[in-house]
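Geometric and topological summary
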Amino acid sequence: MVAVTPVSAPESRLRNAGSVIARPDHVVVVLLDSLNRHLLGAYGSTEFTTPNLDRFASSAVVFDRHHTGSLPCMPARHDILVGALDFPWRPWGSIEIWEDAITRSLRTAGVTSMLVSDHPHLFEVGGENYHTDFTAWEYLRGHENDPWKTIPDPTWIGAAAIDVVPPRIHYNYNDSRTWFRDEADFPGPRTMQAATDWVIRNAGCHDRSLLFVDEFDPHEPFDTPEPWASRYHRAGDPRMIWPPYAVDGLSRGLIDERSGRALRAAYGAKLSMIDHWFGRLLEAIEHSVDADRTAVIVCTDHGHYLGERDVWGKPGYPIHDPLGHIPLMIRWPGVVPRRESSLTTSVDIHATLCDVFDVVPDHRTHGRSLIPLLQGSVPRVRDHVLTGYWGREVQVITDDHCYIRGSVGSAFPVSMWSNRWSTMPVHALPDLRLPKPDARARLDRMPGSDVPVIRQPFVEGDLLPFWAIGGLVDRNILYARNDQGQTDDLSGRPDHLVTETMLIDVLRGALTEISAPDDLFERLGL
């Protein structure tokens, strides 16, 4: 573990206060999918090695209270690229006609934007138009369920893939991994190398630019070649790369101790491997002629349960810190490295990028620029964070508490608002699709928009999208901030009634502020 420069937030704010920090001309955003905050050296872990992320943290502002907004993958990218919380209105989908990604505004403002990604959801139904307004984009093939190959390599000659426990269903990755000849052929390394090449070749060529590296590692499958594959693996344990999505996995016998240990080791191997390739990108940025005018943001969409609370993957389980308390590190020209303890969330990244490049979206957004925090002119930019999945419990986080509010009576009413009508494809079940709008649907308006939108209500018995499964009903959860393990639920206790009532008011106010759907208030008993 490499310690971050030991400068307190108030002290470093004083160093930057009184002077407006310069807006960088170039920004590099590196989104590492499923990056677990609690497993990074910069956040105190020693379980796995992440020397390059740790080195980056030592030169950056490290945000200690950054949290998810909308979950999982595509809703989080909607938060970051579009700037509006997604989860109150829909489960997962592409950019709607009443809104635009920031890249459209950047194009109008003359800012060059580049997307480099191996994230398959960006190039399939439910995420297919997030890339279209980038000046250019490069998609590196072969990760997870990317339909890249139709057969495995019949020879396997020279393949770097090791024998692993096969998944319970077929993934396209089963075929793709047989075509990788060495480490550099794996999607993560290819993506980082492509981003590195772009930085080198484009140095000094643009007045202003945004490079967005959407790297799917360390998301599953946790597949790596040697020597990474054996770095943390215990001899005799199975080779596991596909995690189950399960609550109480060990106690219910859905996974055994050896398999769980192997999965965690495989995640660590992938984390360390992508950290290695991130180091190459970091070196290219630091040696660029644009280095002094470049800000670098390292972030993620969410974490990933690896046995914490006996939860595995991202199942229908309330958001706890392993999933929702996520890393954010920003290196900014002229800003002293420090720890920052103010609350932030994913939509704030979008607001910060808008602030950097002086663009204003036409649609309503929910983020707060982090530049005032970075320059030390304010102690905070928000006093609460909203986070959740569509159709499930909703969580509000304040300086002192985390309050998770479940549905009252049932998981209904709930409605989906969309004109593109897509959600996450389930490739193993190609005939399983989101039901089309029916006679119950009506036209409504999104907050701040005059564009008519299809609003489809759902009731008990309707087929719901995958991510709506498993929400809390007739149960709430309340944790104090100092309960770092989130083991002491204070909800419903007489001695914490005043606090819970206050947090209900905060949640109601937060949902009112974003003009959340009326059926969400009804479902939560607000």
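This report concerns the structure included in the present document. Worth saying up front: this structure is predicted, and the values here are computed from it rather than measured.

A few words now on the overall build of the protein chain. When helices and strands are tallied, the protein chain shows 12 helices and 18 strands. For 526 residues, the compact-globule formula gives about 24 Å, and the C-alpha radius of gyration of the protein chain, at 22 Å, lands near that figure. Counting only C-alpha atoms, the protein chain reaches 60 × 60 × 45 Å along its principal axes. A burial count over the protein chain gives 61% of its 526 residues as buried. Relative to all contacts within the protein chain whose residues are 6 or more apart in sequence, the contacts with residues 24 or more apart total 75%. Only carbon and sulfur atoms are counted for the fraction: they give 53% of the accessible area of the protein chain, which is about 19900 Å². Counting 51 positive and 71 negative side-chain charges, the protein chain places the centres of these two groups 0 Å from one another.

The end-to-end C-alpha distance of helix α6 (residues 187-202), which contains 16 residues, comes to 22 Å, matching closely the 22 Å that a straight helix rising 1.5 Å per residue would cover. Buried residues of α6: P187, G188, P189, T191, M192, A194, A195, T196, W198, V199 and N202, and no others. The inward-facing, buried residues of α6 contact β1 (26-32), β3 (112-117), β4 (136-139), β5 (209-215) and α7 (257-286). G204 occupies a position one or two residues after α6 and carries a positive phi of about 75 degrees.

On the basis of which strands lie adjacent, the open sheet formed by 4 strands has the order β12-β13-β14-β18 and antiparallel pairing. Two strands close off the open sheet at either side, each with one partner strand: β12 (385-388) and β18 (476-480). Each neighbouring strand pair of the sheet contributes to a mean axis angle of 15 degrees, computed without reference to strand direction. Pairing of β12 with strand β13 (residues 394-397) involves 4 bridges; the strand directions are antiparallel. Counterpart to L386 in the pairing with β13 is V396. Strands β12, β13, β14 (401-405) and β18 of the sheet are contacted by helix α11 (residues 497-513), whose axis makes an angle of about 70 degrees with β14.

About the criteria used
Residues numbered from 1 in each chain as written. Predicted model: local features only at pLDDT ≥ 70, side-chain atom pairs only at ≥ 80, totals over all residues. Heavy atoms only, no water. Helix = DSSP H or I, 4+ residues; strand = E, 2+ residues; numbered from the N terminus. Rg over C-alpha atoms; globule rule 2.2 N^0.38 Å. Buried < 20%, exposed > 50% of the residue type's maximum accessible area, 1.4 Å probe, protein only. Contact = heavy atoms within 4.5 Å. Areas by Shrake-Rupley, 256 points an atom, 1.4 Å probe, with all protein chains shown as cover. Lys, Arg positive; Asp, Glu negative; His and termini not counted. Charge placed at Lys NZ, Arg CZ, Asp CG, Glu CD. Expected span 1.5 Å × (residues − 1). Pairing = 2+ DSSP bridges. Axes fitted to C-alpha atoms, helices over the stretch in contact; angles between N-to-C directions.

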